[in-house]
Amino acid sequence: MLQVNCTLQQNYTTGNNEKSVPQLLIRDLKFEESLAKLMFSPDQENHPSKAPVKYGELIVLGYNGSLPNGDRGRRKSRFALFKRPKANGVKPSTVHIACTPQAAKAISNKDQHSISYTLSRAQTVVVEYTHDSNTDMFQIGRSTESPIDFVVTDTVPGSQSNSDTQSVQSTISRFACRIICERNPPFTARIYAAGFDSSKNIFLGEKAAKWKTSDGQMDGLTTNGVLVMHPRNGFTEDSKPGVWREISVCGNVFSLRETRSAQQRGKMVENETNQLQDGSLIDLCGATLLWRTAEGLSRTPTVKHLEALRQEINAARPQCPVGFNTLAFPSMKRKDVVDEKQPWVYLNCGHVHGYHNWGNKEERDGKDRECPMCRSVGPYVPLWLGCEAGFYVDAGPPTHAFSPCGHVCSEKTTAYWSQIPLPHGTHTFHAACPFCAHQLAGEQGYIRLIFQGPLD
């Protein structure tokens, strides 16, 4: 079994045997052979020589490693884009101007991809697309029809089952967007609004925002839009939030509309492109996806690495300062069931305890509790390890927790996500936990955990 070369620092304060969360000092993480294997992506690990070319992965925010009822087929929390055996990309070719919708339908060949722009009852422009042997196309949307490679449904914050999401009317388009990947190095991935349906058509109706470009081509926006944010400094511990933009059907970049489905498009942003970067966020109005490149994933901690950190923190035998019982994070497979040894935290101060009834006063309705260590009053919640490794910006130890949900990860990961304004509804933005999609609360949106060490 691989051993993680870590040491535990114990900083005891006077009187109460309290220390900060075990600081796992992972020495020379990128260079030690014992840890190198942990840092490779699962595909590299299992197929060191025969691995197919991976362009990258899409990870849905709000799911901590898998969908509540399990990943099945094209419905999953994480979707890998691999080089296809045969190219299926398309590129624009012939432009037709039809005088009636019927003529437009006649032009639109079911065996050929096309985009139809209805300008008025009297005029429709049909742009035919032809096969492109240099690219692969992947389509994302709510539809379960065969053209969709990755089926995405609306994310309900903190939902534990798919039944929670079915009562909500979806705002995600059936054919939301498509990603075109270059089949040759550097395997550039680009995103476009809208996907082709079962008839290989994209249809922009009379009410959809559309226009003729300066070079005589057509372009448009989908009803609720496809928004993209590229982080500054890549997806690393130095990452900073970028600016949200809207992507058009032809892949052009625009500033945001006043509201999500406004008729008037934003201003075109000439110096930006639709090329995805490691850490780019894609919002489909109901679900947000994180794009990770294959190269970026190779530098990201794996589930094995997170498991090693879990075992290391449990080996330090943190104790409840009230019951003096030893606390332990449950295994990653039991990430939704509260365990009797589960650590709980007071979110206002960060003191970690086992579950107890101390300070649960009736007038507070059980929502706020008084910490026995420092008397601060606030929410008291169980702690959960963040299991989706793709959300981590570094391989640091689990020292901080998001508030108010209690998902635990590295300090730099909590700091990064707490700065990201994620689209919410038609015109608002707020920071949210990437593991459960709960809106963050408190001054920072996260807190440093303070564990008490063993008394022996």
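Quick caveat: nothing in here was measured; it's all calculated off a predicted structure.

Q: Can you break down the confidence of the model for the protein residue by residue, with the values?
A: The predicted coordinates ought not to be read in detail in places where the model reports low pLDDT. Of the residues in the protein, 82% have a pLDDT of 70 or more, and the chain-wide mean is 84. Across residues 1-48, confidence stays below pLDDT 50; counting only partners more than four residues off in sequence or on other chains, it has 103 contacts. Confidence drops under pLDDT 50 across residues 161-167; counting only partners more than four residues distant or on other chains, this segment forms 9 contacts.

Q: Outline the environment of proline 398, listing residues and values.
A: Tracing the sequence through the fold places proline 398 in the loop between β24 (384-385) and β25 (400-402). Classification of proline 398 by relative accessible area gives buried; the value is 6%. Sequence separation of proline 398 and cysteine 409 is 11 residues, and the distance between their C-alpha atoms is 4.3 Å.

Q: Could you give an account of the nonpolar core, naming the residues involved and the relevant values?
A: In terms of nonpolar packing, the biggest core is built from 45 residues, with Leu58, Leu81, Ile140, Ile179, Ile191, Ile282 and Leu284 touching the most fellow members. Leaving out residues up to four positions away in the same chain, leucine 81 has contacts with Val53, Lys54, Tyr55, Gly56, Leu58, Phe138, Ile179, Cys181 and Trp291. Core analysis: the second largest hydrophobic core is formed by 30 residues, Leu61, Leu290, Leu422 and Ala432 among them.

Q: Just give me the short version of empty space enclosed by the protein, but keep the residues and values in it.
A: Summed over the entire model, instances satisfying the criterion amount to 3 cavities of 30 Å³ or more. As a volume, the second largest cavity reaches approximately 50 Å³. For the second largest cavity, the full set of lining residues is Leu306, Leu309, Met332, Leu385, Gly386, Tyr392 and Pro398. Its residues assigned to classes, the lining of the second largest cavity comprises 6 nonpolar, 1 polar and no charged.

Q: Account for the pairing of strand β7 (residues 123-132), with residues named and values stated.
A: Of all 10 residues that make up β7, 7 are buried, and the element is covered over most of its length. In this structure, strand β5 (residues 89-98) lies alongside β7, joined through 8 bridges in antiparallel fashion. Residue pairing in the sheet places isoleucine 97 in a bridge with valine 125 of β7. Pairing between strand β6 (residues 114-120) and β7: 6 bridges, direction antiparallel. Bridge pairing links serine 120 to glutamine 123 in β7. Taking the residues that link successive antiparallel strands as the turn, the β6-β7 hairpin has 2 residues.

Q: Go over the environment of proline 423 with me, naming the residues and quoting the values.
A: Mapped onto the elements of the fold, proline 423 is located in strand β27 (residues 422-424). For proline 423, the contacting residues outside a window of four places in its chain are Leu227, Trp244, Arg260, Asp283, Thr428 and Phe429.

Q: Describe the pairing of β6, and please don't skip the residues or the numbers.
A: Here β6 lies mainly inside the structure; 5 of its 7 residues are buried. Across 4 bridges, β6 lies against strand β12 (residues 201-204) in parallel orientation. Bridge pairing links isoleucine 115 to isoleucine 202 in β12.

Q: I'd like a description of the side chain of serine 143, backed by residues and values.
A: For serine 143, the position within the fold is in the loop between β8 (135-141) and β9 (150-151). There is a polar contact of 2.9 Å between the side chain of serine 143 and the backbone nitrogen of glutamate 145. The residues contacting serine 143, other than those within four sequence positions of it, are Ile148, Val151, Arg174 and Phe175.

Q: Could you give an account of the pattern of salt bridges, with specific residues and numbers?
A: Within this structure, the stated rule accounts for 14 salt bridges. Put simply, arginine 78 and glutamate 388 hold a salt bridge, and the shortest N to O gap is 2.4 Å. Here arginine 78, found in strand β4 (residues 78-82), pairs with glutamate 388, found in the loop between β24 and β25; they are 310 residues apart in sequence, far enough to count as distant. Accessibility expressed as a relative area gives 3% for glutamate 388, which makes it buried. Salt-bridge contacts for arginine 310 lead to glutamate 307; the nearest nitrogen and oxygen are separated by 2.9 Å.

Q: Any details on the packing of aromatic side chains? Residues and values, ideally.
A: To describe a pair of aromatic rings, one takes the distance between the centres and the angle between the planes. Overall, the coordinates contain 16 aromatic pairs when judged by the stated rule. Taken together, a centroid distance of 5.6 Å and an interplanar angle of 85° make the contact between phenylalanine 235 and tyrosine 416 edge-to-face. With phenylalanine 235 in the loop between β15 (226-229) and β16 (244-247) and tyrosine 416 in helix α7 (residues 411-418), this pair connects stretches of sequence that are 181 residues apart. Residue phenylalanine 235 is classed as buried on the basis of its relative accessible area of 5%.

Q: Which residues make up the sheet that holds β8, and what values go with them?
A: Consider a sheet: its strands pair through backbone hydrogen bonds, and that pairing is either parallel or antiparallel. If you trace the 4 strands from one edge of the open sheet to the other, you get β9-β8-β10-β11, paired in mixed fashion. The sheet is open, and its two edges are formed by β9 and β11 (189-193), each paired on a single side. As paired strands, strand β10 (residues 177-182) and β11 are joined by 5 bridges and run antiparallel to one another. Paired with cysteine 177 across the two strands is alanine 193, which belongs to β11.

Q: Break down the sheet that holds strand β3 (residues 54-60) for me, with residues and values.
A: Spatially, the 7 strands line up as an open sheet ordered β4-β3-β19-β18-β15-β16-β17, and their pairing is antiparallel. Unpaired on one side and paired on the other, β4 and β17 (253-254) mark the two borders of the sheet. Two strands pair when backbone bridges link them, and strand β18 (residues 281-283) and strand β19 (residues 288-293) are joined in this way by 3 bridges, in the antiparallel orientation. Among the inter-strand pairings, aspartate 283 is bridged to a residue of β19, identified as threonine 288.

Q: Run through helix α6 (residues 303-315), naming residues and quoting values.
A: Taking 1.5 Å per residue as the helical rise, α6 with its 13 residues ought to reach 18 Å, and the 18 Å between its terminal C-alpha atoms agrees with that figure. For α6, the complete set of buried residues consists of His305, Leu306, Ala308, Leu309, Arg310, Glu312, Ile313 and Asn314. At the C-terminal side of α6, arginine 317 shows a positive phi close to 50°.

Rules and cut-offs
Residues numbered from 1 in each chain as written. Predicted model: local features only at pLDDT ≥ 70, side-chain atom pairs only at ≥ 80, totals over all residues. Heavy atoms only, no water. pLDDT = per-residue confidence, 0-100. Contact = heavy atoms within 4.5 Å. Helix = DSSP H or I, 4+ residues; strand = E, 2+ residues; numbered from the N terminus. Buried < 20%, exposed > 50% of the residue type's maximum accessible area, 1.4 Å probe, protein only. Core = buried A, V, L, I, M, F, W, Y, C linked by side-chain atoms within 4.5 Å. 1 Å grid on protein atoms, 1.4 Å probe; cavity = no way out; pocket = protein on both sides within 12 Å on 5 of 7 lines; lining within 4 Å. Points joined across faces, edges and corners; volume = space filled by probe spheres on them. Nonpolar A, V, L, I, M, F, W, Y, C, P; charged D, E, K, R; others polar. Pairing = 2+ DSSP bridges. Polar contact = N/O pair within 3.5 Å; in protein donor to acceptor, adjacent residues only side chain to side chain. Salt bridge = Lys/Arg side-chain N within 4 Å of Asp/Glu carboxyl O. Phe/Tyr/Trp six-rings, centres within 6.5 Å; stacked < 30°, edge-to-face > 60°. Expected span 1.5 Å × (residues − 1).

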